[in-house]
Protein chains: 4
Amino acid sequence: MSHTVHQKDKLIARVRRLKGQMEGIERALEGEAGCGEILRQLASVRGALAGLTAEVMEDHLRHHVVEAETEAGRRHGGEELIEVIRTYLK
Amino acid sequence: MSHTVHQKDKLIARVRRLKGQMEGIERALEGEAGCGEILRQLASVRGALAGLTAEVMEDHLRHHVVEAETEAGRRHGGEELIEVIRTYLK
Amino acid sequence: MSHTVHQKDKLIARVRRLKGQMEGIERALEGEAGCGEILRQLASVRGALAGLTAEVMEDHLRHHVVEAETEAGRRHGGEELIEVIRTYLK
Amino acid sequence: MSHTVHQKDKLIARVRRLKGQMEGIERALEGEAGCGEILRQLASVRGALAGLTAEVMEDHLRHHVVEAETEAGRRHGGEELIEVIRTYLK
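This section reports on the structure supplied with the text. (Residues numbered from 1 in each chain as written. Chains lettered and ligands numbered in written order. Predicted model: local features only at pLDDT ≥ 70, side-chain atom pairs only at ≥ 80, totals over all residues. Heavy atoms only, no water.)

## Regarding the overall build of chain A
In plain terms, the rule: The helix and strand labels rest on DSSP assignments: H or I over at least four residues marks a helix, E over at least two residues marks a strand, and numbering proceeds from the N terminus. What the globule rule says is 2.2 Å times the number of residues to the power 0.38, and the radius of gyration is computed from C-alpha atoms. Classification of residues uses two cut-offs on accessible area relative to the type maximum, computed with a 1.4 Å probe and protein chains only: under 20% is buried, over 50% is exposed, and between them is partly exposed. By definition, residues are in contact when any of their heavy atoms lie within 4.5 Å. Only the protein chains shown count as cover for residues, with accessible areas throughout obtained via the Shrake-Rupley method and a probe of 1.4 Å. Within this scheme the basic residues Lys and Arg register as positive and the acidic residues Asp and Glu register as negative, but His and the chain ends are omitted. For this purpose, a charge sits on NZ of Lys, CZ of Arg, CG of Asp or CD of Glu.
Along chain A, the regular secondary structure elements total 3 helices and 0 strands. When the helices and strands of chain A are placed in sequence order, the string is α-α-α. Taken over the C-alpha trace, chain A has a radius of gyration of 17 Å; the compact-globule value for 90 residues is 12 Å, which it surpasses by more than 25%. Taking the principal axes of its C-alpha atoms as reference, chain A extends roughly 55 × 30 × 15 Å. Expressed as a percentage of its 90 residues, the buried residues of chain A come to 53%. Within chain A, contacts between residues at least 6 apart in sequence are counted, and of these 51% link residues at least 24 apart. Put simply, chain A shows about 4,200 Å² of open surface, and 51% of that area lies on carbon and sulfur atoms. Across chain A, the 14 positively charged side chains and the 15 negatively charged ones have centroids separated by 3 Å.

Here you go:
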């Protein structure tokens, strides 16, 4: 399981940046920023979230499907990814 | 500008919920939750973010375009929305 | 209604290009092209479709909301756009 | 490679339906249908395209990654899927 530990710090840093962006939107709303500004910040959060999600999906596909240690593990990892792909695309 | 104030509290509450969901993902990563679980949580954040964005876009379209007080204001509000639509769709 | 006629030819040309791309995918499937190739072509259709949709939304926002001739028309045009935004974002 | 042949007919049928939907949009534009109607049809095409793409991605993940016959094939299939995920999410 060294892979989860390995990527963990990088992913946590990205999640914290996203949280910081949400705090920026909260402050913008409290400061009565215009809708245009809020919408630009929301679009930026959306991009960052999609990038993080792609990262976790790639990581999962590489380590829990392609390099899975057992046949059953690979099958399970594949089904988890299919479930996520459906959520995103359908 | 009473409209911004009026919607503000509701929108801030949604942004805070989103921030709470990001904290949940941070804890899940620290607790070494499986990728499948992390991906489900990320998909849930994405849905909440899209819902919030649609809300702000609707609000903007209603109050700053349809009900804009001046012709110039309406034109400006429309251009801001077009910019956002392009970011989301292209 | 001169606006609809004006844009019509350009939009029809884009729809036809999209149809041509779908035919390319059909041929690729019949020719037993690899999944990777099919997926790349599908991603390209998705981009073209999103671009066309953004175009129609912008056109609608400009001509049927911002420049609507009546207050009622503007309100109706705005509600139609809100309905579409919801479909795309929620 | 029996898998490609097996799924092929079903996928081609879906591609043809999509092409039919594009033809419907072409006719709607030629018949000067309202933007609202065109946008609803475009949203419907987008849903059908996403469903088809998810289908091809699942098929690829199952047959060319999880059940790949060689280690190299699995690796190659995984990289192809990662490339597509990046296109869709980033």
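## Some remarks on a positive patch on the surface
Where we set the bar: Here a patch means residues that are over 30% exposed by relative accessible area and free of salt bridges, tied together within 9 Å if like-charged and within 5 Å if nonpolar (Val, Leu, Ile, Met, Phe, Trp, Tyr). Whenever a carboxyl oxygen of Asp or Glu lies within 4 Å of a side-chain nitrogen of Lys or Arg, that contact is scored as a salt bridge.
Taken together, Arg46 of chain A, Arg46 of chain B, Arg46 of chain C together with Arg46 of chain D make up a surface patch of like positive charges. Structurally, arginine 46 of chain C is set in helix H2 (residues 35-66).

## Some remarks on the relation of the copies chain A and chain D
So the rule is basically this: Alignment of the copies relies on least squares applied to C-alpha atoms, considering only residues that score at least 70 for pLDDT in both.
Rotating chain A by 180° and moving it 0.0 Å along the rotation axis overlays it on chain D with an RMSD of 0.0 Å. Viewed as a symmetry operation, the transformation between the two copies matches a two-fold axis. Here 100% of the interface residues in chain A have copies in chain D that are interface residues too; the copies meet face to matching face.

## Quick look at the nonpolar core
Counted only if it meets this: Residue types Ala, Val, Leu, Ile, Met, Phe, Trp, Tyr and Cys, when buried and joined through side-chain atoms within 4.5 Å, form a set referred to as a nonpolar core.
Formed by 112 residues in total, the largest nonpolar core has its most connected members in Leu42 of chain A, Leu42 of chain B, Leu42 of chain C together with Leu42 of chain D. When sequence neighbours within four positions are dropped, the list of residues in contact with leucine 42 of chain C reads Ile25 of chain C together with Leu49, Leu52, Thr53, Val56 and Tyr88 of chain D.

## Structural notes on the packing of helix H2 (residues 35-66) of chain A against helix H3 (residues 71-89) of chain B
In plain terms, the rule: Axis definition: a line fitted to C-alpha atoms, over the contacting stretch in the case of helices. Angles run 0 to 180 degrees between N-to-C directions. These descriptions rest on fixed angle ranges, namely under 35 degrees for roughly parallel, over 145 for roughly antiparallel, 65 to 115 for roughly perpendicular, and the rest for oblique. Ten residues, namely Ala, Val, Leu, Ile, Met, Phe, Trp, Tyr, Cys and Pro, are considered nonpolar, four, namely Asp, Glu, Lys and Arg, are considered charged, and the remaining ones, Gly among them, are considered polar.
One way to put it is that H2 of chain A packs onto H3 of chain B with a least axis distance of 10 Å and a crossing angle of 5°. For the element pair H2 of chain A / H3 of chain B, the angle class is roughly parallel. Facing H2 of chain A, whose interface residues are Gly36, Leu39, Arg40, Leu42, Ala43 and Arg46 of chain A, H3 of chain B presents Glu80, Glu83, Val84, Thr87 and Tyr88 of chain B. Per-class residue counts for the contact of H2 of chain A with H3 of chain B are 5 nonpolar, 2 polar and 4 charged.

## Examining the interface of chain A and chain D
Put simply, the test is: Values labelled buried area give the accessible surface lost by two parts on being combined, using a 1.4 Å probe and summing over both. The term polar contact refers here to a pair of N or O atoms within 3.5 Å; inside protein, the definition further demands a hydrogen-donor-capable atom paired with an acceptor-capable atom, and it admits residues adjacent in sequence only when both atoms are side-chain atoms.
Each partner contributes residues to the interface: chain A has 24 residues there, and chain D has 24 residues. Carbon and sulfur atoms supply 68% of the area that chain A and chain D bury against each other, a total of about 2,100 Å² over both sides. Its largest share of buried area at the contact with chain D, chain A owes to Glu58, Val66 and Leu89 of chain A, together 27% of the area lost on that side. The tally of links from chain A across to chain D stands at 6 salt bridges. With a shortest N-O distance of 3.1 Å, arginine 62 of chain D and glutamate 79 of chain A are connected by a salt bridge. At the junction of chain A and chain D, the tally comes to 5 residue pairs in polar contact (both at pLDDT 80 or more).

## Focus on the layout of surface pockets
It is the rolling of a water-molecule-sized probe over the atoms that shows where space remains empty. The test is simple: The distinction between a cavity and a pocket rests on a 1 Å grid over the protein atoms alone: a 1.4 Å probe fits inside a cavity but cannot get out, while a pocket stays open yet meets protein on both sides within 12 Å along at least five of seven lines, and a residue with an atom within 4 Å of a point counts as lining. Grid points are joined across faces, edges and corners, and a volume is the space filled by probe spheres set on the points.
Its boundaries defined by the atoms lining it, the largest pocket holds a volume of some 1,200 Å³. What lines the largest pocket is a set of 37 residues, and nearest its centre among them are Arg46 of chain A, Arg46 of chain B, Arg46 of chain C together with Arg46 and Tyr88 of chain D. Contributions of two or more residues to the lining of the largest pocket are made by H2 and helix H3 (71-89) of chain A, helix H2 (35-66) and H3 of chain B, H2 and helix H3 (71-89) of chain C together with helix H2 (35-66) and helix H3 (71-89) of chain D. Across the lining of the largest pocket, the residue classes tally to 19 nonpolar, 10 polar and 8 charged.

## Quick look at the relation of the copies chain B and chain A
For the pair chain B and chain A, the relating rotation is 180°, the translation along its axis is 0.0 Å, and the fit reaches an RMSD of 0.0 Å. Comparing interface residues between copies, 100% of those in chain B also sit at the interface in chain A, which points to an isologous, same-surface contact.

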